[in-house]
Structures are given as C-alpha cells and as structure tokens.
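What follows is each chain in one-letter form.
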Amino acid sequence: MADNNATSQMFGSDAYSPAEIQDRVEKLGVKKARSPFLPEFMLSVVAGGSIGLGGMFFLIVLADPRLGFALQRLLGGTVFTLGLALVMIGGAELFTGNCLIVMAWCNGQLRTAEVLHNWTLVWCGNLVGALGLVFLLYVSHFVDLNKGEAGAAVLKLAIGKMAPDMVTIFFKGILCNLLVCLGVWLAYAGRSVTDKMIGMWLPVSCFVAAGFEHCVANMFFLPMAWVLVQTGHVPGGVDVSTVTLLNIAHNILPATLGNIVGGGGFVGFVYWVIYRKSLGGLTPLPLAETEGKSAPGNTAAAGK
C-alpha cells in the first residue's frame, strides 16, 4: 500500500484538494503582492500580450463568416484558452487572476494598500502588453487575413462590446471573472501541464462563448479596432462612429470593476469563507505563528 501511495505521488495522479488549493492561492497572493516592482511589472506586460494572443486566435475563428453561431463561439472560446494557458503555465501576472489575492487580504496577511498597489501595477502592465501586441499585429498586416475578414471581425466585435450600458458591462464583467477565476482555481488543482490545461479550458471557453467582458482581453480588442478606424481600414457599410477612446473607457472601466467583484468576491471570498474561515485552513496564519496572536479581523480563523 505504501508503494502504491508513493507511486501515485510520484506521477501526480491525484489532483490537489480544494483545501490545498485555498492554501496555495493564499500563500501565492502574499508573494504576488510583495514582489519587487520590475519583475512584477514585466510579468504583467507578458500576461497582457498573452491574453492578446488568445484574442488574436479568437479573431481568426470570427474571420470565417461561414461558421454557425454556436460552432463559431465554441471553437473561438476553445482557442482563446491559449491566453490563460500562457499565463498559468508559462508564468505571468494577470489582473483578473490576481483578484484572488483577496483571500490573503481577508486573513489580514495583506494590507488594503498592498492589494490595490498590486492590482494597479498589474492592470497597467497588462495594458502595456496588450497595446504592444496591437502594434505588432497591425504592422504585420494580421487584419488582412481572409481578404480583410480578420479586420472586419475585430471591428464588429468592438462595436458590440461598446454598445451596452455600463451596468450591463459591469455584470458581464462579474460573470466573466467568476468563470476565469474558477478556471484558475481548477488549474491550481492540476499536477501536470495536461491537468492544468483541461481544468481551465471549459470555464474560459464558456465565458468567451457567452460574450462576457474580460477587461484585459478588451485592452486588446478595443484598441485594435480603434487603430483600424484611425488608419482607414474600415469595410464599406460598417458604422464605426462608436469606436472612440471614450467608448473604450466606457467598456473597460466597468468591466474592470465587475471582474474584481466576480473574481475577488464570488470566487476568492466565497472559497476563503469555506476553507479558511469555516474549515480552518491547512496552515496557521503567519501572525498567529510568529506573534502568538491572530490576524486583525480574523480571530476565529486564526484560532482554529
């Protein structure tokens, strides 16, 4: 029996339990929030470009108008998973995934200022990475694929994303990062690259297929459409009057707030309540270990 257990651990045939995931996410949240500026920012730039590459893959699917709605959305969502795979497996800092650091904040292991600093830094780095990819794809004439259908696809997608009111975009942002952070959570359960890929695939492809709002993905899609409008790459009969910088902000800002609520509240906080506050967590809080007292505002959790 002991040999069987050792073999199972060696080959990683068992996924990490939810309690173990909670423990890993909590510790990683502290590490992320206290990472040095330069590597954290550069990893954020990488993540913005990575999500943009997933978006580029998605646009290739949208560029084929012969595909039916359901097939186009299902296939598009599947290939978009490339973006999160590059982040989770390759290593990068993504704003939407970093919403899970609220788990460490809830324990008092992180100050509010540290959380906000991390989110601001990573959000800005993601934006730089996404815009950098926009430039590279534009000068490479990516939008000319399939006789210009790739460019038409990003324009139509951007127009549709800018049309709803801010409240609708906010709630689409909640639903988006609920699914993204569940995908991240399932990826942390995996012990191999294959495990992680399969774990994140369905939640991420689901949010893309449903048309929910991911602020970092929109940092790629919407500026790409704006650049096409500014340079005159607009197919005949397409009204691009709504593709403006103001409307880009109209989408990205409420999507960002919704992503925080969806990932930090509906996933991070809920799982923290279950596995740290209610079930006690797997490890004592650092303050309880080193100072002999519980973390601020979390006496019950630390005492378990």
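Residues numbered from 1 in each chain as written. Predicted model: local features only at pLDDT ≥ 70, side-chain atom pairs only at ≥ 80, totals over all residues. Heavy atoms only, no water.

**Q** Mind laying out the layout of surface pockets, listing which residues take part and the relevant values?
**A** Of the voids in this model, the largest pocket is the one considered here, and its volume is about 280 Å³. Around the largest pocket, the lining comprises 19 residues; the ones closest to its centre are L28, K32, M88, A92 and Y188. For the lining of the largest pocket, the secondary-structure elements that each account for two or more residues are α2 (18-33), α4 (69-90), α5 (95-98) and α9 (166-189). The element best represented in the lining of the largest pocket is α2, accounting for five residues. Taken together, 19 residues form the lining of the second largest pocket, with R73, L157, K161, G211 and F212 sitting closest to its centre. Elements that contribute at least two residues to the lining of the second largest pocket include exactly α4, α8 (145-162), α10 (193-210) and α11 (215-230). (1 Å grid on protein atoms, 1.4 Å probe; cavity = no way out; pocket = protein on both sides within 12 Å on 5 of 7 lines; lining within 4 Å. Points joined across faces, edges and corners; volume = space filled by probe spheres on them. Helix = DSSP H or I, 4+ residues; strand = E, 2+ residues; numbered from the N terminus.)

**Q** So, the nonpolar core: which residues are in play, and what are the values?
**A** Core analysis: the largest hydrophobic core is formed by 77 residues, its most contacted members being L59, F80, F207, F220 and F221. Beyond its immediate sequence surroundings of up to four residues, L59 is in contact with F142, A153, V154, L157, F220 and F221. (Core = buried A, V, L, I, M, F, W, Y, C linked by side-chain atoms within 4.5 Å. Buried < 20%, exposed > 50% of the residue type's maximum accessible area, 1.4 Å probe, protein only. Contact = heavy atoms within 4.5 Å.)

**Q** Account for empty space enclosed by the protein, naming residues and giving values.
**A** Inspection of the entire model under this criterion finds two cavities of 30 Å³ or more. The volume enclosed by the largest cavity comes to roughly 40 Å³. Every residue lining the largest cavity is listed: I51, F80, L84, L94, T96, V180, V204, F207 and H214. Taken together, the elements giving at least two residues each to the lining of the largest cavity come down to α4 and α10. Its volume calculated, the second largest cavity comes out at about 30 Å³.

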